[in-house]
Number of protein chains: 2
Amino acid sequence: MKSLIVQKYGGSSVKSIDRIKRVAERIVNRKKSGDDIVVVVSAMGDTTDELIALAKAINENPPSREMDVLLATGEQVSISLLAMAIGAMGHDVVSLTGAQCGIRTSDVHKRATIAGIDTGRIQQELADGKIVIAAGFQGIAKNYDITTLGRGGSDTSAVALAVALKARQCEIYTDVNGVYTADPRIVDEATKLSSISYQEVLELASLGAGVLHPRAVEMAEKYRMPLVVRNSYNETEGTIIKEDVIMEKVLVRGIALDENIAKISVFEVPDQPGIAFKLFSTLAKGDIHVDMIVQNVNRTSVNDISFTVNVDELQEAVDLTQKFAFEVGAQKVEYDQGVAKLSVVGTGIVANAEVASKFFETLFKLGINIQTISTSEIKISCLIDKERAKEAMVAIHKAFGL
Amino acid sequence: MKSLIVQKYGGSSVKSIDRIKRVAERIVNRKKSGDDIVVVVSAMGDTTDELIALAKAINENPPSREMDVLLATGEQVSISLLAMAIGAMGHDVVSLTGAQCGIRTSDVHKRATIAGIDTGRIQQELADGKIVIAAGFQGIAKNYDITTLGRGGSDTSAVALAVALKARQCEIYTDVNGVYTADPRIVDEATKLSSISYQEVLELASLGAGVLHPRAVEMAEKYRMPLVVRNSYNETEGTIIKEDVIMEKVLVRGIALDENIAKISVFEVPDQPGIAFKLFSTLAKGDIHVDMIVQNVNRTSVNDISFTVNVDELQEAVDLTQKFAFEVGAQKVEYDQGVAKLSVVGTGIVANAEVASKFFETLFKLGINIQTISTSEIKISCLIDKERAKEAMVAIHKAFGL
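Residues numbered from 1 in each chain as written. Chains lettered and ligands numbered in written order. Predicted model: local features only at pLDDT ≥ 70, side-chain atom pairs only at ≥ 80, totals over all residues.

Considering the interface of chain B and chain A
The figure often quoted for interface size is the accessible area lost as the parts come together. Convention followed: Whether two residues are in contact is decided by their C-beta atoms, placed from the backbone, lying within 7 Å. For helices the rule is a DSSP run of H or I covering at least 4 residues; for strands it is a run of E covering at least 2, with both sets numbered from the N terminus onward. Basically, the charged four are Asp, Glu, Lys and Arg, the nonpolar ten are Ala, Val, Leu, Ile, Met, Phe, Trp, Tyr, Cys and Pro, and anything else, Gly included, counts as polar.
In this assembly, 27 residues from chain B lie in contact with 27 residues from chain A. Put simply, the parts of the chain that give the side of chain B that touches chain A at least two residues each are α1 (17-32), α2 (47-58) and α3 (64-88) of chain B. When residues in the side of chain B that touches chain A are grouped by element, the largest group, 14 residues, is from α3(B). Residues belonging to the side of chain B that touches chain A are distributed by class as follows: 18 nonpolar, seven polar and two charged.

Below is the structure:
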């Protein structure tokens, strides 16, 4: 029996007529090698941003339902054009919107979650020998309204389709060669990993290594679907992401840097039960993604709470935090955009004191102050001065001999 | 009980952010006057042409099914933007694609016909007090594939929805004030008609007066749905198109000029039964719209056949005719782009010799040769030299005292 591959091409891979034709060639060649193929595509290049700008020019606060109707056209354009390019090469092909793919979602607009996939139509088209081009990022709610999946939506569509169709693997095509030990634009010596575990790539992704959206990786891990990250511009072997391989030796797999964050601190918050919950639920309701949270051991009847957010959400986060501070009688709110988060990632590193000490020692030798430390099973993160972050990253990469 | 109005706005009425906002105001004001409103919109300005150019750059002969997926995004953008503009004015509104409107069509892509409309969703939204913004030009086939209705599609969507929803009337908003006695860009004295019959407007439309697509008028006539043509740029009363009112006196309602045609002649076609059928079925299969057909009374065993086509389809029509000529052994094929069709339209005019004689006399006085004459119950058309067509039109308009 034939095996099935799901491929996903991002916006930069289909940003022009020329790129679409090259992607079409790639798909047809792969199909000739014998596998059935389902291709998930994003909107072309900056289409989504342009559509958002158009909407804002008409309505500063456009209704989410209508935003989804508008944004879904982006992928509908790219699936039809890609299908035409494959058709021009003489191959049977069919484009399918999210609804036609049977991607059923919740009815929360702009950030719907996938409830299930009715694969009947896709299975039929594959049985007819066709390459299937599916619109990523979109689905359909119970009432037949168009929904979009929000950030990382196309990656998530691809993984969900791979799982539902029992694909052999899900290949994510992007503009980098795979997952690196550090960002190769910053660290010259960074090397590409041939394989990495879901958990490790999750930590790297959420820390700004940014190749794959965590949401898609989490789903792939849940269903043990192998993910391959490859470059759509060349034939380089990519990185395969699969189940954890337990190593005997501690292994730092990568260094990640996130400069796109800001720190917010609330000083002298009354020390009452539920007060942290109140702050962070306020932020969650405002759709603010909060990262590192630090609360010092309290000496008095008040606490200082610090946390980081994405800089894009800083203004709204500060507004909400300020409101919270007034309500509970906290002293003041400060924010700092001059910070960056530097992390080392690898299975089991926290259990090994050597990794942490080498990390901190390297920063100390450079004279870089650590503002905050946070750790997980497989990650150690430090908040440091943004100005010196790249320099620190290069040094850490070297210290661990990556 | 509330009555329902269906309005349709063409591409030029929603070609910019500013125009969309003005159309939104117009719709909300109308809604405030008490009627329920369903609005059908076309794609913005030149969107459709731009999408076609994009497709052709990828595939010279793009598959019809994929063209429909691509083209349908045009209206999906305009319905969502118009809904956002109405939302910004604080009014309840919902946009619906062709599929969500329940517009079921045949499965012929690029020129589907409407099979029926399941109005459940629209009725529900209207019952909830919402203004409904519907995508014109598109529908859904049995297998849930997206279809488009081809030429005049949005007008046809509007009339079909008006019929299915039992609307009081269907209003077509465009960039002219209504239906005129002649094209006001050519004839200064042309006056706007306050009312006209379906049949009369059909003759005017198919003769180049071009405000409404014949397909939409035919459907309106079949179901006796009153049509109103109005200008979306001003508040002028438009023209109402309704059932024929039998007049005691012959009344020339308008003069139409079509300069967008060409004449094709096939000489010395063998006089055999079925030969004309063969020619015109060949052209029909090639999707060529044939207009005036003239075959002279045959003197010998061969015939000369002439007909007119749209200049846009001339090349393909000549190719097909040439092929036919070779097959049946006709002598030669000629074509002439230097012709125009001038017509007078009005209920009962053919039965009244006075109209025809005044028409021909006026052309004679100007020294303009009549190449071909064709008539219907309510129309007399002459093929004349294109160079002198406008001059003739002005003179005829004056001769009939319009």
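Overview of the relation of the copies chain B and chain A
The condition is simple: Only residues with pLDDT of at least 70 in both copies contribute their C-alpha atoms to the least-squares superposition of the copies.
Between the two copies, chain B and chain A, the superposition gives an RMSD of 0.1 Å; the rotation angle is 180 degrees and the shift along the axis is 0.0 Å. Such a combination of turn and shift is consistent with a two-fold rotation axis. Closest approach to the rotation axis among the C-alpha atoms of chain B is made by B:Thr73, whose C-alpha sits 2.6 Å away. Most of the interface of chain B is mirrored in chain A, where 100% of its interface residues are also at the interface.

Points about the nonpolar core
What counts is decided by this rule: What makes a nonpolar core is a set of buried Ala, Val, Leu, Ile, Met, Phe, Trp, Tyr and Cys residues, with links drawn between C-beta atoms within 7 Å. Three exposure classes are used, based on other C-beta atoms lying within 10 Å of a residue's own C-beta, which is placed from the backbone: buried for 20 or more, exposed for 12 or fewer, and partly exposed in between.
A:Leu82 and B:Leu82 are the most contacted members of the largest nonpolar core, which has 242 residues in total. What A:Leu82 contacts, discounting residues up to four positions off in sequence, is A:Val14, A:Ile20, A:Val23, A:Ala24, A:Val41 and A:Ile133.

A look at the sheet that holds strand β14 (residues 261-270) of chain A
Residues and elements named next belong to chain A. Let me state the cut-off plainly: In this scheme, strands are said to pair when DSSP sees at least two bridges between them. For helices, the axis comes from a line fit to the C-alpha atoms of the stretch in contact; other axes are also lines fit to C-alpha atoms, and the angle between any two N-to-C directions lies between 0 and 180 degrees.
One open sheet holds the four strands; their spatial order is β15-β16-β14-β17, and the pairing between them is antiparallel. What marks the edges here is a single partner per strand, and that holds for β15 (290-295) and β17 (332-336). Direction aside, the axes of adjacent strands within the sheet are offset by 20 degrees on average. Strands in contact with helix α9 (residues 314-328) are β14, β16 (302-310) and β17; relative to β14, the strand with the most contacts, it is inclined by about 0 degrees.

Side note on the sheet that holds strand β19 (residues 372-376) of chain B
Across a sheet, paired strands are connected by hydrogen bonds in the backbone, their directions being either parallel or antiparallel. Residue and element names in this part refer to chain B. Spatially, the four strands line up as an open sheet ordered β13-β18-β20-β19, and their pairing is antiparallel. Edge positions in the sheet fall to β13 (254-258) and β19, since each has one partner strand and no second. Here the strands of the sheet are splayed against their neighbours by 20 degrees on average, with no regard to which way each runs. Taken together, the seven bridges between strand β18 (residues 339-345) and strand β20 (residues 379-385) define a ladder with antiparallel strand orientation. Across the sheet, the residue bridging to lysine 341 is leucine 383, located in β20. Where helix α10 (residues 353-365) meets the sheet, it contacts β18 and β20, and its direction lies at approximately 15 degrees from that of β20. In the packing of helix α11 (residues 389-399) onto the sheet, contacts are made with β13, β18 and β20, and the angle to β18 comes to roughly 10 degrees.

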